[in-house]
Amino acid sequence: MTLTRLLSALILLLTSILALITCPHSKVEESFNLQASHDLFYHGIEPAWSKTRLFQTQFSRVREDGTCDASGAGEGNESCVDQDSLPYDHVRFPGVVPRTFFGAFILSYLARLFAFILPKQLFDMGSHPLFLQFLIRLELLLLSWFAHLRLANAVDGYFLQQMRQRSKMRRQKAPNNTKEPTQQQSICSSSTTITIGSYYLLITASQFHMPFYSSRLLPNTFALILVTHSYAEWFRGQYRLTAMYLVFTTAIFRCDMLLLLFTVGLSMLIQRQLTVIQALTIGVGTGFFSLAVTVPLDSLLWGRFIWPEFEVWWFNTVDNRSSEWGKMVWHWYFSKALPKGLLLTALLAPLAFVRVPEFVDRFARRFSNDSRLFDRSLIPFFTPIFAFVALYSILPHKEIRFIFPVLPMFNVCSAYGMSRLQKVAFSDGDLSTNTKPKTHWIGKAMFLSGTGAIMLTMTVSLVFLRISMENYPGGMALERLRSHLMDTVPVGNTNKSEWNSVHVHVDVAAAMTGVSLFGQRHAAIRRVHGKNSAFFEGPFTIEKSGYEEGNKLIGNIQGNMPVFTHLLTERSNVDGYHLVEVIKGYPRLDIKNLQISTQDAIFIFEKDEWRK
């Protein structure tokens, strides 16, 4: 690994870790996998396994509303597991559509392995839930980082191979008396080529979304990791592995990757990189393997036979219900999402296809023998990606995270364009004649412009990161409530403790903006150091509302107020409670005043005289 590659890799790692540290909380989109990781670490799959039909003396049946009826299954009814007693968050908060547990299972059991290896006398990981949450997200971050490293290496290998092939063709076409390229020229070309992967890592690090979401437990992040690996295999010429990665990703994590599988697969068929028989074999074989991975695990934990991504596909495509979450104009991905995701580095991508730097340089007679305007090196890779975005634009509901898988390929194009600027800026002209170009400053000016685009992109990304820090008022409110209780609730003893009598209600707004099971576990317990020993107080009770029909615990919360000692709510006034603190949120950038504007988001209330 060269020094340039090492530095670019470290910069990507550091920007990703910075996002992880500064924004430790999570929002509703990633809550399923985060809560599942908590449950699988602390409870494992054993509770679900013990409840399966294998150990039941009486089967249950599925009602028409999808719930489980423990009265017994009649003839022809699908059997299920009565999950009411299971200690899993998804039992009560299943979400709109079911998701796979496979990603959360891998991360949580890796954390379990670390906890098993690390002696509890040295550090009890289970007693430090916030550290455990950080570790699980760090695991995902490192998996993302490794995928980008593989892609960077594969891109370098691809362009080195392209350079050798062009050099070989030139030698075959050149007259016998033509001088061979000097060793210095070859080294110069090779050095420029191998910086493409380094520029890819640097450009990725400069953007906001890739480092920020690399540690977020979204299905999109899991899918992005596998798609990045598929791109690496694609550049290596391993077309079967490319297709296998895409099929696996589609079947387990994101059914919308079916569009990417279609465009990439069609491209491979057209270019005869795969035959129809090979494509069918890969699709069927990898598909069955994927189902063997996801269906048993998810059926066990969901308590019924299920293929989650098939149900997601049916919900979004057949029922066409994704539009209930909003509609965007057809060009939104091209006019809004991609510019926001790529920022100024998008200006470098066209240089991968149009040889503008070389043409500017050609007028100074550096490369007078090369009159090609267009470069087709990345066309076979970029065209299917562009087609994927175009096809996805047909669906009315759009979010930038849906097109995360295209960002790496756009960054490869930008990296190639940046390496082209570097080659023009630092070329020594015609080494065989020792001539110096007249417009050397133009090449350096173009290179400095490209460098400036990357630096400005990183600056804007840091501003985005600062704004995002204010985007989790629910998680911050839970932290502030714990600090308030630590300061005001006196230390009890093992027999009686006011801490244990705390009963907190978290409404939907707070739950969706940062309250996680890891945070709840941390907030509800405090360690008390006595004279001779230490003991724990708690956990106190925390209840959440949800948007599911059965979880609207406090739609009209006033009638239930007496049972709660504290509230985290978006309501600004509740009778019988006094305000402890207001947490700001919903940030936006006020360009006119050069500041981040926020508004009151979550209110922390305490019941009047609750300890008397």
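Procedures and definitions
- Residues numbered from 1 in each chain as written.
- Predicted model: local features only at pLDDT ≥ 70, side-chain atom pairs only at ≥ 80, totals over all residues.
- Heavy atoms only, no water.
- Helix = DSSP H or I, 4+ residues; strand = E, 2+ residues; numbered from the N terminus.
- Buried < 20%, exposed > 50% of the residue type's maximum accessible area, 1.4 Å probe, protein only.
- Contact = heavy atoms within 4.5 Å.
- Areas by Shrake-Rupley, 256 points an atom, 1.4 Å probe, with all protein chains shown as cover.
- pLDDT = per-residue confidence, 0-100.
- Expected span 1.5 Å × (residues − 1).
- Pairing = 2+ DSSP bridges.
- Axes fitted to C-alpha atoms, helices over the stretch in contact; angles between N-to-C directions.
- Core = buried A, V, L, I, M, F, W, Y, C linked by side-chain atoms within 4.5 Å.
- Salt bridge = Lys/Arg side-chain N within 4 Å of Asp/Glu carboxyl O.
- Parallel < 35°, antiparallel > 145°, perpendicular 65-115°, else oblique.
- Nonpolar A, V, L, I, M, F, W, Y, C, P; charged D, E, K, R; others polar.
- Phe/Tyr/Trp six-rings, centres within 6.5 Å; stacked < 30°, edge-to-face > 60°.

Novice: Is there a simple way to think about the overall build of the chain in this case?
Specialist: From N to C terminus, the chain includes 21 helices and 10 strands. Burial statistics for the chain: of 612 residues in total, 49% are counted as buried. Counting only contacts in the chain whose residues sit at least 6 apart along the sequence, the fraction spanning at least 24 positions is 77%. Roughly 30,400 Å² of accessible area belongs to the chain as shown, and the carbon and sulfur atoms make up 60% of that amount.

Novice: What should I look at first to understand the confidence of the model for the chain in this one?
Specialist: The predicted coordinates of low-pLDDT regions are not to be read in fine detail. The predicted model of the chain averages 85 in pLDDT, with 82% of residues at 70 or higher. Under a pLDDT of 50 for its full length, residues 54-59 has, in the predicted model, 12 contacts with residues more than four places off or in other chains. Low confidence marks residues 183-188, where pLDDT is under 50. Its contacts with residues over four positions away, or in another chain, come to three contacts.

Novice: Please explain helix α17 (residues 407-425) as it appears in this structure.
Specialist: The periodicity of an α-helix, 3.6 residues per turn, causes residues three or four positions apart to be oriented the same way. Its 19 residues place the ends of α17 27 Å apart at the C-alpha level, agreeing with the 27 Å of an ideal helix rising 1.5 Å per residue. The buried fraction of α17 is high, at 18 of 19 residues.

Novice: Looking at this structure, I do not really get the sheet that holds strand β10 (residues 595-607). What am I missing?
Specialist: Across a sheet, strands are paired by hydrogen bonds formed along the backbone, either parallel or antiparallel in direction. Ordered in space as β7-β4-β8-β10-β9, the five strands form an open sheet in which the pairing is mixed. At either margin of the open sheet sits one strand with a lone partner, and together these are β7 (541-544) and β9 (577-590). Between one strand and the next, the sheet's axes are offset by a mean angle of 20 degrees, whatever the strand orientation. Pairing of strand β4 (residues 503-506) with β7, which is carried by four bridges, proceeds in the parallel orientation. Counted as the bridge partner of Val504 is Ile542 from β7.

Novice: How should the nonpolar core be read in this particular structure?
Specialist: Counting 66 residues, the largest nonpolar core has Phe235, Leu260, Leu378 and Val406 as the members making the most contacts within it. Ranked by residues supplied to this core, first place goes to α17 with 11 residues. Setting aside residues up to four positions removed in sequence, Val406 forms contacts with Tyr231, Leu338, Ile385, Phe388 and Val389. Ranked by size, the runner-up nonpolar core spans 36 residues in total, among them Phe32, Phe102, Leu226 and Leu297.

Novice: What is the right way to read the environment of Ser299 from this model?
Specialist: Checked against the element boundaries, Ser299 lands in helix α12 (residues 276-302). Here the alpha-carbon distance between Ser299 and Thr100, two residues 199 residues apart in the chain, equals 9.4 Å. In contact with Ser299, not counting residues within four places along its chain, are Arg304, Phe305 and Ile306.

Novice: What am I meant to see in the pattern of salt bridges here?
Specialist: Two side chains that carry opposite charge are able to pair once their charged atoms sit near each other. Following the criterion strictly, the structure yields 12 salt bridges and no others. Its salt-bridge partner being Arg5, residue Asp156 comes within 2.1 Å of it at the nearest N-O pair. Here Asp156 is found in helix α6 (residues 129-173), whereas its partner Arg5 is found in helix α1 (residues 3-22), with 151 residues between them in sequence. The pair Asp156 / Arg5 is uniform in exposure class, with both members buried. A salt bridge links Arg401 to Glu399, with the shortest nitrogen-to-oxygen separation between them at 2.7 Å. On the basis of relative accessibility, which here comes to 17%, the residue Arg401 falls in the buried class. Residue class for Glu399 comes out partly exposed when judged on its relative accessible area of 22%.

Novice: Would you mind showing me how to read the pairing of β9 here?
Specialist: Successive residues of a regular strand alternate their side chains across the two faces of the sheet. Pairing analysis gives 11 bridges linking β9 to β10, with the strands arranged antiparallel. Looking across to β10, one finds that Tyr577 is bridged to Lys607.

Novice: How do you make sense of the packing of helix α9 (residues 219-235) against α17 when you look at a structure like this?
Specialist: Their axes nearest at 10 Å, the elements α9 and α17 cross at an angle of 45 degrees. On the basis of their axis angle, the class for α9 and α17 is oblique. Residues Leu224, Thr228, Tyr231, Trp234 and Phe235 of α9 form the contact with α17, whose own contacting residues are Pro408, Met409 and Val412. In terms of residue class, the contact of α9 with α17 is made up of seven nonpolar, one polar and no charged.

Novice: Teacher, can you tell me more about the packing of aromatic side chains here?
Specialist: A ring pair, where both rings are aromatic, is described by two values, the distance of the centres and the angle of the planes. For the coordinates displayed, the defined rule picks out 35 aromatic pairs. Look at Tyr158 and Phe235: their rings are 5.4 Å apart centre to centre, the planes differ by 70 degrees, and that puts the pair in the edge-to-face class. Separated by 77 residues along the polypeptide, Tyr158 in helix α6 and Phe235 in helix α9 bring together distant segments of the chain. Phe235 sits in the buried class, given a relative accessible area of 3%. Between Tyr213 and Phe404, the ring centres sit 5.0 Å apart and the planes meet at 55 degrees, which makes this aromatic pair tilted. Of this pair, Tyr213 sits in helix α8 (residues 209-213) while Phe404 is found in the loop between α16 (379-392) and α17, placing the two residues 191 residues apart along the sequence. Note on Tyr213: relative accessible area 22%, which makes it partly exposed. A connected cluster of aromatic rings, assembled from ring pairs, spans Tyr158, Phe159, Tyr231, Trp234, Phe235, Phe381 and Tyr416.

Novice: Would you mind showing me how to read the packing of helix α14 (residues 332-342) against α16 here?
Specialist: Helix-helix packing: each pair is described by the crossing angle between the helix axes and the interaxial distance. Between α14 and α16, the shortest axis-to-axis distance is 10 Å and the interhelical angle comes to 115 degrees. Where α14 approaches α16, its residues Tyr333, Phe334 and Leu338 are matched on the opposing element by Phe386, Val389, Ala390 and Tyr392. Looking at the contact of α14 with α16, its residues break down into seven nonpolar, no polar and no charged.

Novice: Looking at this structure, I do not really get unusual backbone geometry. What am I missing?
Specialist: Of all residues except glycine, most have a negative phi; of all peptide bonds, most are trans. Despite not being glycine, Arg272 shows a phi value in the positive range, around 60 degrees. For Arg272, the position within the fold is in the loop between α11 (257-270) and α12. The backbone of Tyr586 shows a phi angle near 50 degrees, a positive value even though the residue is not glycine. Mapped onto the secondary structure, Tyr586 falls in strand β9.

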